[in-house]
Amino acid sequence: MAGLRLLLAVGALLPPILGQGLEEFFDASGDIVRGTAPETRLYWQSHLTTSRERILQAADLADGTRIVTVLGAGLGMEIPLAELARRFERLILVDLDGRSMLQSLRQVPTELRARVDLKVMDVTSFAGPLIEQIEQAVEMSSTSEEAFERFGVILDGLRAGDPPSLPKSDLVVSSLLLSEIPRYPFSYAAQAAEARFGVTLQTWDRSDQFFRRLVELSIEDHVELLAELVSPGGVVYFSDTIARGLADRPRAEAIRRAVEARAAPDLIGLGIADSAAGVTSAVNALCRAKHSPATEAEAFERLLAQFREADGRFFEPLLPIGELGDQCSKRGLELRGDPESWWWLAYPCKVLREAGAFLVSSWMLELRN
Ligand SMILES: C[S@@+](CC[C@H](N)C(=O)[O-])C[C@H]1O[C@@H](n2cnc3c(N)ncnc32)[C@H](O)[C@@H]1O
């Protein structure tokens, strides 16, 4: 890894909770993605390809080619890292999960790696300190009631601080990150309460309020960072999972036949079913290696589109788009071109039984003149 600068920007590691520090906690979360079965990943291809193409379109729109910064880079699966390293003088990857970023470097040809900076750091102004506060609250408490009271004080005082310091960038990429930001401190609190007191966080009567406040704060904090980071004439590529489904599964079963009837011509066209009468059994036979993952992915996408058309309640919203739009205009970030949406079949073989699919939306943003 010649020339690679591994910048450990986190500073002093947080004292361990459950034997973990901040980076270890993010590393352990990254294990889940790193451990995804290869057969599942085969279904991700259309999402990865679309995402990579959109990011390169955003790169085409940027005035300069000096710095590209990828926030929440993780494994960089949906990021065209090699092409970005080719096009820009410097590629900065930022994430608290250093191990995933090191793995992502395999995408970049050896001769271009000197252009890459890995920054193991918090992309927010609040998540790291908040996790530290949660840890202290749990350690100082002898009952869950006491801990929840302390969590309440933390919740009431939650504020954004100064955005992390990163260089101005011609292209800023934030892909599938924002909706994840609130989940990390929230699940840290949940794990700590469970490990120390054997109770779920839901037994705290303010847990929903806590999560909603984290979402609100994450949007405000992240949009400020995006507006701060992008150079004049630069572009922000922003994408996220805005909904997941199927959410209303008991009703889904009742509606399924109508959805399949409407999707029948598409499924016959794809060679999944022979006739309208055979659609249900053909759909039940998906994920049994009878067809290629690409064909099955298309079949799932058509079914999901039909469910979405039948009733939006089959999809649980993950990001308040209105709030995001408001924060962007407040910070002077304007939409460039049309947003685009597509499906990411994260857990394809569970799509009809659990929330296995995510609706991704992407925007290109620039600073208002
Ligand atoms: C869904 S993954 C992003 C996927 C990634 N863009 C890719 O192409 O594979 C979300 C990433 O955000 C990172 N993350 C979440 N909260 C963070 C924070 N406060 N600071 C730094 N990274 C964070 C996680 O470690 C994880 O790698």
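See the structure shown above.
Attention in this report is confined to the structure presented alongside it. (Residues numbered from 1 in each chain as written. Predicted model: local features only at pLDDT ≥ 70, side-chain atom pairs only at ≥ 80, totals over all residues.)

**Re the packing of helix 7 (residues 144–156) against helix 8 (residues 183–197)**
Angle between the axes and distance between the axes: these two values describe a pair of packed helices. Between helix 7 and helix 8, whose axes approach to 11 Å, the crossing angle comes to 160°. Classed by the angle they form, the pair helix 7 and helix 8 counts as roughly antiparallel. As for how helix 7 packs across helix 8, the hand of that crossing is right-handed. Side by side, helix 7 and helix 8 meet where Ser144, Ala147 and Phe151 of the first sit next to Ala189, Ala193 and Phe197 of the second. (Axes fitted to C-alpha atoms, helices over the stretch in contact; angles between N-to-C directions. Helix = DSSP H or I, 4+ residues; strand = E, 2+ residues; numbered from the N terminus. Parallel < 35°, antiparallel > 145°, perpendicular 65-115°, else oblique. Left-handed = near helix turned anticlockwise from the far one by under 90°. Contact = placed C-beta atoms within 7 Å.)

**Focus: helix 3 (residues 45–61)**
For helix 3, with 17 residues, the first-to-last C-alpha span of 25 Å sits near the 24 Å given by 1.5 Å per residue. Every buried residue of helix 3 is accounted for by His47, Ser51, Arg54, Ile55, Ala58 and Ala59. Around the axis of helix 3, the buried residues are gathered within 145° of arc, so they sit on the same side. Projecting away from the buried face of helix 3 at angles above 90 degrees are the exposed residues Glu53 and Asp60. Here the buried face of helix 3 lies against helix 4 (81–87), strand 5 (169–175), strand 6 (230–245), strand 9 (340–344) and strand 10 (357–367). (Expected span 1.5 Å × (residues − 1). Buried ≥ 20, exposed ≤ 12 C-beta atoms within 10 Å, placed from the backbone. Arc of directions from axis to C-beta.)

**Section: the nonpolar core**
Within the largest apolar cluster, 74 residues are counted, with the highest numbers of intra-cluster contacts made by Leu93, Val94, Leu171, Val173, Leu226, Val236 and Tyr237. Among the elements that line this core, the one with the most residues is helix 9 (residues 207–229), at 9 residues. Apart from the residues within four sequence positions on either side, Val173 is in contact with Ile55, Val68, Val70, Leu71, Ile79 and Tyr237. (Core = buried A, V, L, I, M, F, W, Y, C linked by C-beta atoms within 7 Å.)

**Let's talk about the packing of helix 6 (residues 127–140) against helix 8**
Look at helix 6 against helix 8: their axes get within 10 Å of each other, and the N-to-C directions meet at 15°. In this view, helix 6 runs roughly parallel relative to helix 8, as classed from their interaxial angle. Note that helix 6 runs across helix 8; the crossing there is right-handed. From helix 6, Ala127, Leu130, Ile131, Ile134, Glu135 and Val138 reach across to helix 8, where they touch Tyr184, Pro185, Tyr188, Ala189, Ala192, Ala193 and Arg196. Tallied by class, residues from the contact of helix 6 with helix 8 come to 11 nonpolar, no polar and 2 charged. (Nonpolar A, V, L, I, M, F, W, Y, C, P; charged D, E, K, R; others polar.)

**A word on the site of the ligand**
Among the 24 residues in the neighbourhood of the ligand, the closest are listed as Gly72, Gly74, Met77, Asp97 and Ala127. Counted by class, the shell around the ligand contains 12 nonpolar, 7 polar and 5 charged residues. (Near = placed C-beta within 6 Å.)

**Looking at the environment of Gly278**
Looking at the secondary structure, you find Gly278 in the loop between helix 10 (249–269) and helix 11 (279–284). Residue Gly278 is classed as partly exposed on the basis of its 15 C-beta neighbours within 10 Å. On a C-alpha basis, the gap between Gly278 and Ala264 in space is 9.0 Å, while along the polypeptide they are 14 residues apart.

**Focus: the pairing of strand 4 (residues 116–120)**
In terms of burial, strand 4 is a largely internal element, 4 of the 5 residues being buried. Bridge count for strand 3 (residues 90–95) against strand 4 is 5 bridges, and the pairing is parallel. Among the inter-strand pairings, Ile92 is bridged to a residue of strand 4, identified as Asp117. Following the backbone out of strand 3, through helix 5 (residues 98–104) and into the adjacent parallel strand 4, one traces a crossover that is right-handed. (Pairing = 2+ DSSP bridges. Right-handed = clockwise from strand over helix to strand, strands pointing away.)

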